Amino acid sequence: MTLQDWKNSGTYFEYQNKYSVFYKESGSGEPLILIHGFPTSSWDWSKIWSSLSAKYQLYTIDMMGYGFSSKPKDFKYTISVQVDLWETYLRKRGVFSFHIIAHDYGDTVVQEMLARHKENSEYEFDIKSVCFLNGGMFPETNFPTLTQKMLLTPFGEILKHFMGRDTLAKNFKKIFGKNTQASEQEIDQFWQGIAHNSGKDVIPKLIKYLKERDTHKIRWREAIQYTDMPKRLIDGGVDPISGKHMAEFYKEIIPNADVIILDEIGHYPQTEAPETVLSYYYEFRNQL
């Protein structure tokens with residue numbers, strides 16, 4: 001499904017009476033929400049969407065600052081605020097019990113959800129299971145790219161003006177598997193989603209979530225360790241950011257860790273090996 005097809009098949013809701021948030025739904029069955037990563041958008045799920053929607057009722061959004069949603073320059077782009085957005089959306093849709101698949105930044109959004117679940121016995125949302133894909137859930141094992149590191153500095157406000165489609169292509173080449181590289185067309189569409197609505201302007205604000213991971217390191221780690229819903233990690237092993245090294249750390253610290261390592265896959269398993277991800281996800285769900 002092309003990025004334009006994705007956009008045409010979704011719609012929008014108004015958030016806080018002034019922002020526009022893109023969302024997409026389809027399918028039937030148990031609710032499953034899909035939470036995308038940085039710096040891309042919900043289109044990341046396009047290769048597995050159709051198959052999943054044949055089994056589950058799917059829900060996804062472009063979080064604030066991403067894809068086709070609003071990208072205000074004065075917005076406070078924190079993980080907590082993105083969870084607030086998800087909770088608002090789910091209330092609007094009447095969805096209070098659901099399963100989750102998350103990737104990258106989305107993993108950290110889920111960690112905040114799990115922390116709220118852990119800390120509040122009356123938390124209104126019932127998370128039935130979580131499937132994590134590659135993400136820097138633990139600062140000890142997260143190795144950002146040079147571009148990401150530079151965006152975190154004051155130089156980021158200057159660097160953003162020099163970022164473009166070729167910058168993305170260069171960085172994605174490093175984090176995708178050798179034999180599962182994104183096509184030129186895919187790079188074009190990833191970039192279109194990022195650049196939509198002056199998206200480059202907010203990238204230095206969005207990436208500050210990396211600092212939040214340090215601030216909330218213990219709380220977010222314990223949110224995975226000490227919540228009892230089933231969890232599986234499907235990890236692209238050759239990802240230099242959060243590949244096999246992160247998966248091995250996950251195994252060490254998470255009780256009864258359920259981990260699948262895809263040896264030749266990089267940072268975007270759902271794009272690089274969609275059928276393999278689906279196979280392992282269905283296996284996981286069938287065990288519940």
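Residues numbered from 1 in each chain as written. Predicted model: local features only at pLDDT ≥ 70, side-chain atom pairs only at ≥ 80, totals over all residues. Heavy atoms only, no water.

A.B. asks: How would you explain the nonpolar core if you had to name every residue and give the values?
C.D. replies: In this structure, Ile-35, Leu-52, Trp-86, Ile-100, Met-113 and Tyr-250 are the most contacted members of the largest nonpolar core, which totals 98 residues. Apart from the residues lying within four places of it in its own chain, the contact partners of Leu-52 are Leu-32, Leu-34, Leu-58, Ile-101, Leu-278, Tyr-281 and Tyr-282. (Core = buried A, V, L, I, M, F, W, Y, C linked by side-chain atoms within 4.5 Å. Buried < 20%, exposed > 50% of the residue type's maximum accessible area, 1.4 Å probe, protein only. Contact = heavy atoms within 4.5 Å.)

A.B. asks: Give me the packing of aromatic side chains: which residues, what numbers.
C.D. replies: Across all of its chains, the model carries 29 aromatic pairs by this definition. Chaining the aromatic ring pairs together yields one cluster made of Phe-13, Tyr-23, Tyr-59, Trp-86 and Tyr-89. Over the aromatic face of Trp-6 sits the side chain of Lys-24, whose NZ or CZ is 5.0 Å from the ring centroid. Sitting above the plane of the Tyr-282 ring, Lys-55 keeps its charged end 4.8 Å from the centroid. (Phe/Tyr/Trp six-rings, centres within 6.5 Å; stacked < 30°, edge-to-face > 60°. Lys NZ or Arg CZ within 6 Å of the ring centre and 35° of its normal.)

A.B. asks: An account of the sheet that holds strand β2 (residues 19-27) is needed here, citing residue identities and associated values.
C.D. replies: Strands sit in the order β1-β2-β4-β3-β5-β6-β7-β8 across an open sheet of eight strands; the sheet is mixed. A strand with exactly one partner marks an edge of an open sheet, and here the two such strands are β1 (11-15) and β8 (259-262). Averaged over all pairs of adjacent strands, the angle between their axes in this sheet comes to 25 degrees, without regard to strand direction. Note: strand β3 (residues 31-35) against strand β4 (residues 57-61), four bridges, orientation parallel. Considered in β4, the bridge of Leu-32 is made with Leu-58. Against the sheet, helix α12 (residues 244-253) touches β6 (126-132), β7 (231-236) and β8, its axis set at about 155 degrees to β7. Against the sheet, helix α14 (residues 274-286) engages β3, β5 (97-102), β6, β7 and β8, with an angle of about 165 degrees to β7. (Pairing = 2+ DSSP bridges. Helix = DSSP H or I, 4+ residues; strand = E, 2+ residues; numbered from the N terminus. Axes fitted to C-alpha atoms, helices over the stretch in contact; angles between N-to-C directions.)

A.B. asks: Just give me the short version of the packing of helix α3 (residues 79-93) against helix α4 (residues 105-119), but keep the residues and values in it.
C.D. replies: Two elements in contact, α3 and α4, have axes separated by 9 Å at closest approach and are oriented at 75 degrees. In terms of axis orientation, α3 runs roughly perpendicular to α4. Seen from α3, the contacting residues are Ile-79, Ser-80, Gln-82, Val-83, Asp-84, Trp-86 and Glu-87; seen from α4, they are Tyr-105, Thr-108, Val-109, Glu-112, Met-113 and Arg-116. The residue makeup of the contact of α3 with α4, split by class, is six nonpolar, three polar and four charged. (Parallel < 35°, antiparallel > 145°, perpendicular 65-115°, else oblique. Nonpolar A, V, L, I, M, F, W, Y, C, P; charged D, E, K, R; others polar.)

A.B. asks: Can you explain empty space enclosed by the protein? Please cite residues and give values.
C.D. replies: Tallied over the entire structure, the rule returns two cavities of 30 Å³ or more. Size it by volume and the largest cavity reaches roughly 270 Å³. Forming the walls of the largest cavity are 25 residues, and the residues nearest its centre are Phe-38, Pro-39, Thr-145, Gln-148 and Phe-172. Counting residues per element, the ones that place at least two in the lining of the largest cavity are α5 (146-151), α7 (165-175), α8 (184-195) and α10 (209-215). Forming the walls of the second largest cavity are Pro-39, Thr-40, Gly-65, Tyr-66, Gly-67, Lys-71, Gly-193, Ile-194, Gly-199, Val-202, Ile-203 and Leu-206. Of all the secondary structure elements, the ones that give two or more residues to the lining of the second largest cavity are α8 and α9 (203-206). Among the residues forming the lining of the second largest cavity, the class breakdown is six nonpolar, five polar and one charged. (1 Å grid on protein atoms, 1.4 Å probe; cavity = no way out; pocket = protein on both sides within 12 Å on 5 of 7 lines; lining within 4 Å. Points joined across faces, edges and corners; volume = space filled by probe spheres on them.)

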